[in-house]
Amino acid sequence: IHALLIVTITLSPVTAAAWSENKLSGEDEYPPLWDLAPENLLDFPVKDNKIVINAWNYQERLGVYKSILNSSAKYFSAFGPQNTGNILWGLALQHGWQFRTGRLADHSGVTSCGYEDGDLLCQSVRSWWSCMNYYLAVIPFLGAVEAGLFGQLPFEVEILPPEERKDDFCYSVADCWSRMPKLMDDWKTFFEVNNVTFFFFHHKHKAVSPATFSLKLDDALGLMWKAHVNSIAYSLPKFQDSLKYLSDPEAIFAEDWSNAVDFLGATHFNTDLPTTNKFQVFLPPRMLVEGDVLSSIIDFSPQQNKVLVSLRELHKANKLTGGLLLKLWQKAMSTEAGREIGRKLIESLTSS
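Residues numbered from 1 in each chain as written. Predicted model: local features only at pLDDT ≥ 70, side-chain atom pairs only at ≥ 80, totals over all residues. Heavy atoms only, no water.

What the chain contains, in helices and strands, is 14 helices and 3 strands. Within the chain, the proportion of its 352 residues that are buried is 54%. Across the chain, contacts joining residues at least 24 apart in sequence account for 74% of those joining residues at least 6 apart. Only carbon and sulfur atoms are counted for the fraction: they give 57% of the accessible area of the chain, which is about 16100 Å². (Helix = DSSP H or I, 4+ residues; strand = E, 2+ residues; numbered from the N terminus. Buried < 20%, exposed > 50% of the residue type's maximum accessible area, 1.4 Å probe, protein only. Contact = heavy atoms within 4.5 Å. Areas by Shrake-Rupley, 256 points an atom, 1.4 Å probe, with all protein chains shown as cover.)

This is how it looks when you write it as structure tokens:
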């Protein structure tokens, strides 16, 4: 009940009404530089019989997402035209929001990585957001490679290491399996199950009812969110020290964001293109700085202020109860009927 109350505070009619004034259109629906990102794996450089990807360059990491989205489009064709129903859009759009708001740059002040007077496309290993995102980009990607999403590749895939903290990341399918087998297994399972489901329905049962597809979508979302939440839980303690480079308000928001993902994931919330875009309207349009006071940040909309406050209260309440609040919420979301109620509560945020 407490969880529902807190979420309901977040999703008040005042917040919901904002969507009609904040619709995204055209190129704003996609991450920045989307059209310039590599389309598929063979668009990346090949060196020494290896496809080499610099995941510390925004455009190349974006290309990782783009290749996954293109190759998995067949799984989600029933849920929206032109791949808009693909539930992996949430990861790519979050990455784009992080880039657009400057969250992927070097916040320590040591380098110009990520800034206009330096290398704007650079993603800093000193950025908490960039490091956390690595586990929601490279690990899913290598899990997809292992699951055969891209078919039989003519070359191995190698991810270039950063200049610092090399031991905190992995760089190939074999390397990631040896360092973080549980995460790799989660993402590999997600892609494998969808591949098997796709084959079964499209080759064995040509006519599939929308109701059947709906159930399979819930299953796919469950697997995706399980892998997503576990990736954050694994990487969160790894990069706790990187929060020191952020302002106090931004560091608090970062932790609030991590906590909120657990609640969102429990509902198997749909992370397709239109739904994710609706929600990103309510995220902070820039990094928080010293002096920003939640609920009264002048250059944020009332709705953006309200969401920041609600995320803060949700995190505080969960910590105060020793995590019991999340457990109660997860129990309430343990059935398909419960998750439907949870999603409707959240979706009311973007209803007109």
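Attention now moves to the sheet that holds strand E1 (residues 46–47). The 3 strands are arranged E1-E2-E3 in an open sheet whose pairing can be described as mixed. One side of each edge strand has no neighbouring strand; the edge strands of this open sheet are E1 and strand E3 (156–159). In this structure, E1 lies alongside strand E2 (residues 50–53), joined through 2 bridges in antiparallel fashion. Considered in E2, the bridge of Val-46 is made with Ile-51. On the sheet, helix H6 (residues 138–147) packs against E2 and E3 and is oriented at approximately 170 degrees with respect to E3. (Pairing = 2+ DSSP bridges. Axes fitted to C-alpha atoms, helices over the stretch in contact; angles between N-to-C directions.)

Before going further, it helps to examine the nonpolar core. Counting 87 residues, the largest nonpolar core has Phe-141 and Ile-159 as the members making the most contacts within it. The leading source of residues in this core is helix H9 (residues 210–235), at 8 residues. Shared between two domains, this core holds at least three residues of each, these being domain 1 (27–239) and domain 2 (246–351). Apart from the residues within four sequence positions on either side, Ile-159 is in contact with Ile-53, Ala-55, Tyr-134, Val-138, Phe-141, Leu-142 and Tyr-171. Judged by nonpolar contacts, the second largest core, of 8 residues, contains Leu-314, Leu-325, Leu-326 and Met-333. (Core = buried A, V, L, I, M, F, W, Y, C linked by side-chain atoms within 4.5 Å. Domains from an automatic or database assignment.)

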